[in-house]
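Residues per chain, in single letters:
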Amino acid sequence: MPTITKITAQKSSEERFNVFLNDGSGDKFAFSVDQNVLLKFGLKKGLELDEMEILEIQYGDSVKKAFNKAIEYLGFRMRSEKEVADMLLKKEYPEAVVSEVMHQLRHYKYVNDEEFADAYIRTHWKTGGKGPGVMKQELSLKGISKENAEKALQQYSKEDQVEQAMVHAEKVVLKETKISTVQIKQKVEQTLMRKGFSYDVISIVKEELMYENNDDEEWNSLVIQAEKLKRKYAKGAQAQYKMKMKQALYRKGFSIEIIDRYLNEEEQE
C-alpha cells in the first residue's frame, strides 16, 4: 500500500502542502492539499493510504479549493446561489463538489436567496429606477424563486413606482422636442413598459405628466418633421405630394388642422 514519505509546504502558498508517496517504485509527488484537509485526514509521514482514501482526500481538497473560490467571489458583492454555483461549474469543478460547497455556504449563511432578492430590489430600484417587471425577470435569471422575488418586491410601493416612472417620463419629454405630442406620449409609454412598469403605473404617470406641447412647440416640431419628409416626396406631382405629406405627418401624430396650415402656408410661398 502507498506510504507517505514526505510532506512539504508549497512555496507559492503556506496553506497548501505537497504530499509524496512511495508505492514501491520510489518516492514521487502524489497530490497537493490544503492545510485544513491535511489536518482533517491526519496526513503525516509514514501513513499508509489505499486508493479509496486517496480519492476521498482529493475530493475533500477539491471541495476546500472550490469553497475558497466561492468566498473570494462573494467578497465583491452579494450573489445568488445560482450565480455562485454557475461560477464554480464554469471553473470546471465537478457537480458533486459544487453541491457540497453550496451546502456549506448555506450552512454558514454566506448565501441566502431571500436576503439577496431583498437587497437587489432595494439597490436597483433606488439607483437604477427599474420597474418591478424588469427586476422580476432579472431575479429569475439569477435563480431566485418567484416567491422570494414577489416577497422582496413588496418593499417597492406603488407610490414609489410612480415616482420612479415619472423621472423616466420627464427625461423623455425633455429629450424629445422635435416630435408631436402624440409621439411623445407613445415614447413615454414605450419607455416605461421597457423599464418594467405596470400599465396601472403608466396610466397614472400619463395623467399627471405635463407633456403637452404649446402651439408654438407643436408647430416647430411639425416644421422639423415636414422638412425631412419634403426631401422624400418633393419630386412627385403637387396633389400627390400634398396627400403623401398629409398622411405621413398625420401618422407622426400631428392634427389635420396644423398639417393643413403648414401645407397652405407652403403653397402660398
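Each chain has its residues counted from 1, following the order in which its sequence is written. Local features in this predicted model are restricted to residues whose pLDDT is 70 or higher, and side-chain atom pairs enter the listing and the counts only when it is 80 or higher, whereas totals over whole chains, interfaces and linings include all residues. Only hydrogens and water are set aside; all other atoms, that is, all heavy atoms of the structure, feed into the side-chain values.

Caption draft 1: Representation of the packing of helix α5 (residues 113-126) against helix α6 (residues 132-141) within the structure. Angular values range over 0 to 180 degrees, each being the angle between N-to-C directions of two axes fitted as lines to C-alpha atoms, with helices fitted over their stretch in contact. Secondary structure elements follow DSSP: runs of H or I no shorter than four residues count as helices, runs of E no shorter than two count as strands, and numbering proceeds from the N terminus. Remark: α5 packs on α6, axes separated minimally by 11 Å, with the N-to-C direction vectors making an angle of 140°. In terms of axis orientation, α5 runs oblique to α6. Seen along the crossing, α5 lies across α6 with a hand that is right-handed. Taking contact as the criterion, the partners of F116, A117, Y120, I121, H124 and W125 in α5 are, on α6, M135, E138 and L139. The residue classification treats Ala, Val, Leu, Ile, Met, Phe, Trp, Tyr, Cys and Pro as nonpolar and Asp, Glu, Lys and Arg as charged. All others, Gly included, are polar. Residues of the contact of α5 with α6, tallied by class, amount to 7 nonpolar, 1 polar and 1 charged. For classification purposes, an angle smaller than 35 degrees is called roughly parallel, one larger than 145 roughly antiparallel, one from 65 to 115 roughly perpendicular, and anything else oblique. Note on convention: near helix rotated counterclockwise from far helix by under a right angle means a left-handed crossing. Clockwise means right-handed. Here, two residues are considered to be in contact whenever any of their heavy atoms come within 4.5 Å of each other.

Caption draft 2: Molecular detail of the nonpolar core. Residues belong to one nonpolar core when they are buried, are Ala, Val, Leu, Ile, Met, Phe, Trp, Tyr or Cys, and are joined through side-chain atoms within 4.5 Å. The classification of residues rests on relative accessible area computed with a 1.4 Å probe and restricted to protein chains. Under 20% of the type maximum is buried, over 50% is exposed, and intermediate values are partly exposed. One finds L139, V188 and V205 to be the most contacted residues of the largest nonpolar core, which totals 27 residues. Every element with two or more residues in this core is listed here: α5, α6, α7 (146-153), α8 (158-175), α9 (181-194) and α10 (199-208). Look past the residues within four positions of V205 in its chain and what remains in contact with it is V162, A165, M166, A169 and L192. A70, L74, L88 and V97 belong to the second largest nonpolar core, which has 16 residues in total.

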